[in-house]
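# Secondary and tertiary structure notes
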Amino acid sequence: MKYRGKRAFQAIEKSKVYMSKSYHFMKRIRYFLPFLVLTAFIIGFSIHNFLERGRDLVEMDMKTILLREDAFLIMELERSQILDKLQLEKPAVFGTLSDEGIGLVRTFVMIWSARSMGNNIPWAIFVPKKEDQSVKITDNARKMAEFLGAVIHVMNWNDMPENFNPGGPSWAFAWQKMSIWNFDRYGKVVLVDSDTYFQQSANEMVDFKDFTYSTGTCDKPCHEFFWEMNAGVIVFEPNKTMYEELMQYARTTESPNKYRFVEQDLLWLYYYKNKVKPSYHMSNLYNMCINWCDSKCFPGETFEDTVVISHWVCMVKPWEWPRERWSKWTCGGKYAHKWFDRLDSLAKLLKIERWK
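Because the structure is a prediction, the values reported are computed rather than measured.

## Details of the overall build of the chain
When its secondary structure is counted, the chain shows 11 helices and 10 strands. Buried positions account for 47% of the 356 residues belonging to the chain. Considering only residue pairs separated by 6 or more positions, the chain has 73% of its internal contacts joining residues 24 or more positions apart. On the chain, roughly 19500 Å² of surface is accessible, and the fraction owed to carbon and sulfur atoms is 55%.

Here is the structure:
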């Protein structure tokens, strides 16, 4: 009994010590407790908000917005009328090359810029796929495309001939444009790079002849021919026989590693330099470098009112810098802000809280 009493007494003494320490600890932190609680709340709220925004971005849940036909106005035509044109035999389309990931977002913003200016031609988005690669286009991405009056095609990867291979994944991706000649379900394709911005509808381009191109305007006055061809905006008629001819020409041409713009070089050699087939030149107003937006090349007119399609060619792309950084650029910054405005308006229309 004495032994048990002694142990009980020791336990009571220890508990007093622990309680004393706890008391002194709470006394010390009582001034910091509200701050700790507030910090925990802010962190919890931020994590919740981040997850919610991530869900909005990844899932792009458009069940509500797809029912709001009144929210999507394309000048005089509804998107259903645009998609109906795809039921025609060999319809004309605007097209662009894209990957399955963030590239689709950039593509959607470009198409949205065209729709906002009255473009009423169907769009085809071409996504290349390697044999060992799994490409998954989500249902929401297809709904987004349909919402914008576009369809998505997954096509097989086309390996470059060695003599046209400068190395690097970006050029291998650009070469995939050549496979679009195989899509003879379309009578004509106006192929546009996704780093472009529509300032007018450009609907008339579907009436351009096969093969129509523009020159490059990176570092020369606006309308001066200095770079014979830029493949960022071209018009052609898909044809499987033509595709085989181009591929055979690429395998046998005398230009091993001499050129570095791959598909552009092939088209330049085939149509422009060696004139294997006839070609036609479009005004550079359909493919104008944005760096010229404050130049003197438009006397009595403005870049914004005159140019049909502007192009971030030979310069940083709008999505490569945060919006704030573009404010330092007089010309490129102005149109980068326009691009971000299109991005935000599309996100707002789709009820996505923030989309970057």
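## So, the packing of aromatic side chains
All told, the structure shown has 17 aromatic pairs when counted by the stated rule. Geometrically, the ring pair formed by Y270 and Y271 is edge-to-face, given 5.1 Å between the ring centres and 75° between the ring planes. On the basis of relative accessible area, Y270 is assigned to the buried category, the value being 2%. One aromatic cluster is present, built from ring pairs that chain together W181, F211, Y213, F236, Y249, Y270, Y271 and Y272. Here the guanidinium or amino end of K130 rests over the ring plane of W157, the centre of that ring lying 4.8 Å away. In this arrangement the basic side chain of R325 is found over the ring face of W321, its NZ or CZ atom lying 3.9 Å from the centre.

## Some thoughts on the sheet that holds strand β10 (residues 309–311)
Read from one edge to the other, the open sheet built from 3 strands follows the order β5-β10-β9, with strand pairing classed as mixed. Two strands lie at the open edges of the sheet, namely β5 (196–198) and β9 (288–289), each paired on one side alone. Here β5 runs beside β10; their pairing, made up of 3 bridges, is antiparallel. Bridged to Y197 within β10 is S310.

## Some words on the pairing of strand β3 (residues 150–156)
Here is the key point about a regular strand: its side chains alternate between the two faces of the sheet. Note that strand β2 (residues 123–129) and β3 share 7 bridges and pair parallel. Across the sheet, the residue bridging to W123 is A150, located in β3. In this fold, β2 hands off to helix α5 (residues 139–147), which returns the chain to β3; that crossover is right-handed.

## A word on the nonpolar core
If you look at the biggest cluster of nonpolar residues, it comprises 37 residues, and the most contacted ones within it are W181, F211, L246 and L267. Of all elements in the fold, only β1 (92–97), β2, α6 (169–174), β4 (188–192), β7 (227–236), α7 (240–252) and α8 (263–273) reach the threshold of two or more residues within this core. Non-local contacts of L246, meaning those with residues more than four positions away in its chain, are made with M178, W181, L266, L267 and Y270. In terms of nonpolar packing, the next biggest core, distinct from the first, is built from 35 residues, F94, L104, A145 and V206 among them.

## Remarks on helix α4 (residues 102–116)
Taking 1.5 Å as the rise per residue, α4 with 15 residues should run 21 Å; its terminal C-alpha atoms sit 21 Å apart, in good agreement. Of all 15 residues in α4, 12 are buried, a share of seventy percent or more. The set of residues buried in α4 consists of G103, L104, V105, T107, F108, V109, M110, I111, W112, S113, A114 and R115. Backbone geometry just downstream of α4 places G118 in the positive-phi region, at approximately 100°.

What counts as what
- For every chain, the first residue of the written sequence is number 1, and numbering continues from 1 onward in sequence order.
- At least 70 in pLDDT is required for a residue's local features to be given in this predicted model, at least 80 for side-chain atom pairs to be given and counted, and no such filter applies to totals for whole chains, interfaces and linings, which use all residues.
- Excluded from the side-chain calculation are hydrogens and water; included are all heavy atoms of the structure.
- Comment: elements are numbered from the N terminus, with helices defined as DSSP H or I runs of at least four residues and strands as E runs of at least two.
- Only protein chains enter the area calculation, which uses a 1.4 Å probe; residues under 20% of their type maximum are buried, those over 50% are exposed, and those in between are partly exposed.
- Contacts: residue pairs with any heavy atoms within 4.5 Å of one another.
- Here the Shrake-Rupley method, with its probe set to 1.4 Å, supplies the accessible areas, and only the displayed protein chains count as covering residues.
- Under the pairing criterion, centres of Phe, Tyr and Trp rings, with the six-membered ring standing for Trp, must be within 6.5 Å; the plane angle then separates stacked pairs below 30 degrees from edge-to-face pairs above 60, leaving the rest tilted.
- Remark: a charge is flagged as sitting over a ring if the NZ atom of Lys or the CZ atom of Arg is within 6 Å of the ring centre and within 35 degrees of the ring normal.
- For two strands to pair, DSSP has to find at least two bridges joining them.
- When the strands point away from the viewer, a crossover counts as right-handed if the path from the first strand over the helix to the second runs clockwise.
- Think of a nonpolar core as a cluster: buried Ala, Val, Leu, Ile, Met, Phe, Trp, Tyr and Cys residues, connected wherever their side-chain atoms sit within 4.5 Å.
- How far a helix is expected to stretch is found by multiplying one less than its residue total by 1.5 Å.

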